[in-house]
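One-letter residues, chain by chain:
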Amino acid sequence: MSSNGSPSQIAEGTEQAEDRQKAANAAPQLQDVLRHTCPSPAGPRVLSTFRNILDRDSCDLVWVTKEWRPQQVTLHARTRTTAKIRQDVISSPKMQHTIEQLSSQNEVPKEALWRELNDILIEMGHTQTMPVVRWFGYVLSKIMRKIYSGVFVNEESIARLRASIGNNPVIFMPSHRSYADFLLMSYVCFHYNIMLPVIAAGMDFVSMWGVGRLLRDSGAFFIRRSFGNDKLYWAAFSEYVQTLITAGENPIEFFVEGTRSRTAKSLCPKLGLLSVALEPYLTGQVSDIVVVPINISYDRTLEETLYSYELLGVPKPKESTSGLFKALNVLDEQYGRIHIDFTEPISVNKFFGDLRSPKLMRPLHLPHQITPDESTRIIWLANYVVRQQQKNAVISLFSLAAVVITHHVLTKPRNQLLNMHQLTRQVASLKSAAESFGALIDCRDNLEVSLQNALHIHKSLIVTSKDGQVQVKNVAAAQAPIDPAKMKGHSLQDKTLQVGVPMVMLQHYVNQTLHLFICPAIVSLSVQQSINQGSGMKDDVFARYLFLRTLLSHEFILHKAWETMDFEQSIQQLQKLGVLDESLHDSMKLSLGSNSHLHQILCQLLLPFLAGYSSACSTMLEVPAGKTVSLNEALKSTQARLEKLLLSAQLNHHYSLSLDLLTAAVNSLSSMGAVIKNKENGKVLYSPNSNRLRQVTQIVGDFLQLVAPICRKSQDEQARLFITQAKARL
């Protein structure tokens, strides 16, 4: 390697190295916590435990008008009106103390602050009106029957959930991939007679005429996207959530990822709402809280086209009722199945162990200060929740097909089309690999029939000709001209969008598999590079693996405490699959095995990320000494650079243009100390740490050279592999 120092040394400054050492030291403790808190499932998950809840004996009208006698969250919970909840927040010791403090500090009359607080709580507060819930249930049933072939719920997981509730407050934490997630939990709970959740929702929906009211009456409470330094709002929000927890009337539902994932990958967890929700436990107001991670898997995402445009920089339409009606054209298409799986419930008391005891006597009016040990445990819990969501995913065959199709488009000559026989054979091989990594694949019939059904669901993107050739449809640029001034990134050319939109859509489904493949892919590439440079020793491979893992830590759920465990498990899995040679007698040396095709697929899964990160490095290196750039300026410049590479056939994966990917790249470079992040006049600005950034750029470039396909295609050549389609609507 041409840079000085090992990759892992270059990846980290002193602070990051200390953090990694702390994480390494904490790893055994975390594993011990998980062993005692979260026992392993009795056996592998199987599709036969999932039941289609749309397949009911009664009609929808009879179902929604059934007698409502739900299982309670806590047996002695008191039911409160909206006004009573608001009054409980206002009269709480914490709010009384906050009003006193703000009045004194800001010289504002208390009466004005009380009025402001009341307005905040009216804006925030939820109701749960059963006639509205029943009406929503009826409408959702009709819509889902029209566009989905089934909503399948793991009934074994429902039995586990029922056994875990009744004594303590419950928090539902679903994965978040679609707007449909909001009400699916309520729909499932209504079906199984479990108390309906109260749902944390963004303020965006309040402005939607009629819709905001319906969501509020269905149990949604609304919070602002950011609070800034508004101490009164923060106190009101915290107390509102905590009174819901301590009362134990309903499960609380929120998304630990914070927002919808436009990429179909899990987002790094946000800790703010989770920390607030756990405070009643940490301060001794409740003896335990039950946290339930939930996976919601979609065969086809409703917003797939919209997400593709958004990732390329076309701004999303503002949420509005008129926009909702315009989007009703989705009802004319089929979206396959939804699978919902409630993972093993987590006892917060067992997870936190002895961390709570010194805090039990703290006066309730004083704000709770999270200790370093509590913060560490909250981070563990958040990452564990996301991992459990990932492990309980149901992977569509189309996601595996998307991996194969993308690989073919990138690597094969334009006159060598993929046929159905080849696709079926390669999907079968990838399915076996995914299952060895612990995946549950949605394949109910024989593979060929199931694959054809999966492709049919995605016929707006993939078409199979009469002679069995598989091609990607050309989802052309939006009908309405795109105002360059409104673009979030660089103003991309039409021909870039014409290839980029379908490729980003295809990558959306590739991304659904990456939680399975990312660690094995990093290990595979690290082994190849180490061997190419004359080593292959396990410690050298581990150093390269650590560099890539650190680099991609804002892109994937790669918690530091699990890095050694993930490394060892990936080696074992790759050896079983023949990607690595397990016949070597030297346990400290690694070598590639005979399964070169799977090795190539795994390595090329990293291509768009390494290409995007490499360009982000180059962009930041061009910032003059003493100068700074905003994130938006960095993203625009990097997208412009990437478009030139795509047009000149030096790069051939359009997902590298993704603004989410490039944002993660800048954040990663900042964490690694290669880019310096400063705040000036309220604006976040970035400047290069030139020496470290050059080292990182060199190493990323070295990895990129290994995964760049042998058969490069220009944009025009890729476009010829697509079948023209009428312009897709935003």
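To keep things clear, this report deals only with the structure shown in the data block. Because the structure is predicted, anything quoted here is derived from the model rather than measured. (Residues numbered from 1 in each chain as written. Predicted model: local features only at pLDDT ≥ 70, side-chain atom pairs only at ≥ 80, totals over all residues. Heavy atoms only, no water.)

### Brief notes about the packing of helix 4 (residues 82-90) against helix 6 (residues 110-124)
Where we set the bar: Lines fitted to C-alpha atoms define the axes here, with helix axes fitted over just the stretch in contact, and angles between the N-to-C directions of these axes take values from 0 to 180 degrees. Under the scheme used here, helices are H or I runs from DSSP no shorter than 4 residues and strands are E runs no shorter than 2 residues, and both carry numbers assigned from the N terminus. Put simply, angles under 35 degrees are roughly parallel, angles over 145 are roughly antiparallel, angles from 65 to 115 are roughly perpendicular, and the rest are oblique. If you view the pair so one helix is near and one far, a crossing is left-handed when the near helix is turned anticlockwise from the far one by less than a right angle, and right-handed when it is turned clockwise. Note on contacts: a residue pair qualifies if any of its non-hydrogen atoms lie within 4.5 Å across the two residues. Just so you know the grouping, Ala, Val, Leu, Ile, Met, Phe, Trp, Tyr, Cys and Pro go in nonpolar, Asp, Glu, Lys and Arg go in charged, and all remaining residues, Gly too, go in polar.
Here helix 4 crosses helix 6 at 140°, and the two axes come no closer than 10 Å. One way to sum up the angle between helix 4 and helix 6 is to call them oblique. At the point where helix 4 passes helix 6, the crossing takes the right-handed sense. Counting all contacts with helix 4, which are made through R86, V89 and I90, the residues of helix 6 involved are W114, L117, N118, L121 and I122. For the contact of helix 4 with helix 6, the per-class residue count stands at six nonpolar, one polar and one charged.

### Examining the environment of P502
Definition in use: Relative accessibility under 20% of the residue-type maximum defines a buried residue, over 50% an exposed one, and the middle range a partly exposed one, all with a 1.4 Å probe and only protein chains included.
With respect to the helices, strands and loops of the structure, P502 is situated in helix 20 (residues 494-511). Look at P502 and you get buried, because its relative accessible area is 0%. Separated by 198 residues in sequence, P502 and E304 have C-alpha atoms that sit 9.9 Å apart.

### Points about unusual backbone geometry
When glycine is set aside, most residues are seen to have a negative phi, and most peptide bonds are trans. The backbone of N193 sits at a positive phi, close to 55°, despite the residue not being glycine. As for its placement among the helices and strands, N193 is situated in the loop between helix 9 (181-191) and strand 4 (198-202). According to the relative accessible area criterion, N193 is partly exposed, its value standing at 27%. At A649, a residue that is not glycine, the phi angle is positive and equals roughly 65°. Tracing the sequence through the fold places A649 in the loop between helix 26 (631-647) and helix 27 (659-671).

### Here we look at the nonpolar core
As a reminder of what qualifies: Definition used in this section: a nonpolar core is a set of buried Ala, Val, Leu, Ile, Met, Phe, Trp, Tyr and Cys residues joined via side-chain atoms within 4.5 Å.
Membership of the largest hydrophobic core comes to 112 residues, with the highest contact counts inside it found for I405, L423 and L610. Setting aside residues up to four positions removed in sequence, I405 forms contacts with L418, L423, I462, V470, V472 and L506. Formed by 106 residues, the second largest nonpolar core is a distinct cluster that contains I53, L121, M144 and Y335.

### Brief notes about the sheet that holds strand 15 (residues 629-630)
Stated formally: By the convention used here, strands pair only if DSSP detects at least 2 bridges between them.
Reading across the sheet, the three strands line up as 15-17-16 and stay open at both edges, with antiparallel pairing between neighbours. Of all the strands in the sheet, just strand 15 and strand 16 (675-680) have a single pairing partner and so form its edges. Here six bridges tie strand 16 to strand 17 (residues 683-688), and the two strands are oriented antiparallel to one another. By the bridge assignment for strand 17, V675 is matched with P688.

### Details of the pairing of strand 4
Across the five residues of strand 4, five count as buried, placing the element largely inside the fold. Where strand 4 lies against strand 6 (residues 252-253), two bridges are found, and the strand directions are parallel. Bridge pairing in strand 6 places V198 opposite I252. Bridging between strand 4 and strand 5 (residues 220-223) involves four bridges; their strand directions are parallel. By the bridge assignment, G202 is partnered in strand 5 with I223.

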